[in-house]
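The primary structure of each chain is shown beneath.
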Amino acid sequence: MKILIVEDEKKVGRFLKLGLEEEGHTVSNAYDGEKGENLALSEKHDVIVLDIMLPKKNGIEVLKSIRSNGISTPVLILTAKGSLEDKVEGLDEGADDYLVKPFAFAEFIARVRSLGRRSGAEKTTTLKVADLELDTLTRKARRGGKEIELTNREYALLEYFVRNVNRVLTRTVISEHIWEYNFDTGTNIVEVYVNKLRNKIDADAETKLIHTIRGTGYMMKLE
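Residues numbered from 1 in each chain as written. Predicted model: local features only at pLDDT ≥ 70, side-chain atom pairs only at ≥ 80, totals over all residues. Heavy atoms only, no water.

S.K.: Teacher, can you tell me more about the overall build of the protein chain here?
M.R.: Scanning the protein chain from N- to C-terminus turns up eight helices and 12 strands. The buried share of the protein chain, reckoned over its 223 residues, is 46%. Sequence separation of at least 24 residues holds for 56% of the intrachain contacts in the protein chain that already meet a minimum separation of 6. Here the protein chain has roughly 11,200 Å² of accessible surface; of this, 47% comes from carbon and sulfur atoms. (Helix = DSSP H or I, 4+ residues; strand = E, 2+ residues; numbered from the N terminus. Buried < 20%, exposed > 50% of the residue type's maximum accessible area, 1.4 Å probe, protein only. Contact = heavy atoms within 4.5 Å. Areas by Shrake-Rupley, 256 points an atom, 1.4 Å probe, with all protein chains shown as cover.)

The structure is reproduced here in structure tokens:
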């Protein structure tokens with residue numbers, strides 16, 4: 001599944017991201033309400049984990065915004081607030097479940113899985129672009145029926161491209177998603193990994209999928 005975590009406590013957010021990735025999920029982090037809202041509106045997710053107490057825009061405002069924009073993705077409210085009023089407000093505004101901090105990670109995972117099943121996300125594990133196929137369950141990639149060997153980081157980058165077909169992805173956006181916010185954007189590691197992917201999925205193919213958008217970043221699209 002593709003999961004968005006909007007949590008301003010970076011240690012908590014990164015811990016949840018690591019745990020979910022170990023379960024085989026693809027995870028994006030946002031550390032304030034505005035960034036979380038932008039990601040929720042611009043990218044498709046299977047589950048959104050949303051803290052209520054957030055800088056710039058609180059979780060309830062974010063929830064109202066995504067629901068008013070027709071985003072029906074299941075939302076798990078995650079907060080230190082545990083009063084009945086807070087739970088009711090979150091659920092009334094369109095949240096699907098509610099988990100109060102501190103919590104056991106096993107319970108968190110169970111809640112996320114339940115919401116994923118509710119959305120039907122777990123029923124479809126194959127992503128396709130042209131003759132490129134990704135199995136998100138086994139994390140295997142094939143092009144023209146031929147399996148492609150990828151490292152974990154290469155797979156994460158390729159899945160990010162596939163889930164954002166025909167969308168321009170800047171180097172900064174890619175670095176934040178794949179390497180987190182402590183990534184040094186002054187390096188050329190994004191270019192290095194994109195070139196590695198090209199060599200593996202495009203080099204022997206007549207139809208190229210990964211394109212450079214000069215001065216901006218990259219896009220996965222059909223020529």
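S.K.: So what exactly am I meant to see when it comes to the sheet that holds strand β11 (residues 210-213) here?
M.R.: Hydrogen bonds between backbone atoms are what pair the strands of a sheet, whose relative direction is either parallel or antiparallel. In spatial order, the strands read β10-β12-β11; together these three strands make up an open sheet with antiparallel pairing. Each having just a single partner strand, β10 (169-170) and β11 make up the two edges of the open sheet. Packing of helix α6 (residues 152-163) onto the sheet brings it into contact with β10, β11 and β12 (217-220), and relative to β12 it is tilted by some 70 degrees. (Pairing = 2+ DSSP bridges. Axes fitted to C-alpha atoms, helices over the stretch in contact; angles between N-to-C directions.)

S.K.: Hey, could you run me through the sheet that holds strand β5 (residues 97-100) in this one?
M.R.: Ordered in space as β2-β1-β3-β4-β5, the five strands form an open sheet in which the pairing is parallel. On the outer flanks of this sheet lie β2 (26-30) and β5, each paired with one strand and no other. Within the sheet, the average angular offset between the axes of one strand and its neighbour, ignoring direction, is 20 degrees. Examined bridge by bridge, strand β3 (residues 47-51) and strand β4 (residues 75-79) share four bridges and lie parallel to one another. Residue pairing across strands places isoleucine 48 opposite valine 75, the latter belonging to β4. Strands β1 (2-6), β2 and β4 of the sheet are contacted by helix α1 (residues 10-22), whose axis makes an angle of about 170 degrees with β2. Of the strands in this sheet, β3 and β4 are in contact with helix α3 (residues 59-68), which crosses β3 at around 150 degrees.

S.K.: Would you mind going over the pairing of β4 with me for this structure?
M.R.: The side chains of a regular strand alternate between both faces of the sheet. Among the five residues that make up β4, five are buried, leaving the element largely enclosed by the rest of the structure. Every second residue of β4 is oriented toward a common face, with Val75, Ile77 and Thr79 on one face and Leu76 and Leu78 on the other, all of them buried. The parallel pair β3 and β4, bridged by α3, forms a crossover whose chirality is right-handed. The sheet contact formed by β4 and β5 spans four bridges and is parallel. Opposite threonine 79, over in β5, you have valine 100 as the bridge partner. (Right-handed = clockwise from strand over helix to strand, strands pointing away.)

S.K.: It is not clear to me how the nonpolar core should be interpreted in this structure. Could you clarify?
M.R.: Soluble, globular proteins show a tendency: their nonpolar side chains are buried together. By size, the foremost hydrophobic cluster in this structure holds 24 residues, and its most contacted members are Leu132, Leu158, Phe161, Ile174 and Met220. Sorting elements by how many residues they give to this core places α6 first, with six residues. Once residues within four sequence positions are removed from consideration, leucine 132 is found in contact with Leu127, Arg142, Arg143, Ile148, Leu158, Val162, Ile201, Leu209 and Met220. Formed by 18 residues, the second largest nonpolar core is a distinct cluster that contains Ala40, Ile48, Leu50 and Ile66. (Core = buried A, V, L, I, M, F, W, Y, C linked by side-chain atoms within 4.5 Å.)

S.K.: What am I meant to see in helix α8 (residues 189-201) here?
M.R.: Counting along an α-helix, one turn takes 3.6 residues, and residues three or four places apart therefore face a common direction. Taking 1.5 Å per residue as the helical rise, α8 with its 13 residues ought to reach 18 Å, and the 18 Å between its terminal C-alpha atoms agrees with that figure. Along α8, the residues that are buried comprise Val190, Tyr193, Val194, Leu197 and Ile201. Buried residues in α8, looked at end-on, bunch into an arc of 100 degrees, giving them a common side. (Expected span 1.5 Å × (residues − 1). Arc of directions from axis to C-beta.)

S.K.: Got a minute to help me understand the packing of aromatic side chains in this structure?
M.R.: Tallying each qualifying case throughout the model produces three aromatic pairs. Here the aromatic rings of phenylalanine 105 and phenylalanine 108 are separated by 5.9 Å at their centres, their planes lie at 35 degrees, and the arrangement is tilted. Taken together, the residues span about one helical turn, with phenylalanine 105 and phenylalanine 108 both in helix α5 (residues 105-119) at a distance of three residues. Residue classification places phenylalanine 108 among the buried positions, given a relative accessible area of 0%. Positioned above the aromatic ring of tyrosine 31 is the side chain of lysine 10, whose terminal nitrogen or guanidinium carbon lies 5.3 Å from the ring centre. Here the basic side chain of lysine 196 rests over the ring of tyrosine 193, its NZ or CZ set 4.8 Å away from the ring centre. (Phe/Tyr/Trp six-rings, centres within 6.5 Å; stacked < 30°, edge-to-face > 60°. Lys NZ or Arg CZ within 6 Å of the ring centre and 35° of its normal.)

S.K.: Just checking my understanding: could you explain the pairing of β1 for this structure?
M.R.: Within β1, five of the five residues are buried, leaving the element largely enclosed by the surrounding structure. Examined bridge by bridge, β1 and β2 share five bridges and lie parallel to one another. Looking at the pairing, isoleucine 5 lines up with asparagine 29 of β2. At this point the chain moves from β1, through α1, to the parallel β2, and the crossover so formed is right-handed. Where β1 and β3 come together, four bridges link them in parallel fashion. Counterpart to isoleucine 5 in the pairing with β3 is valine 49.

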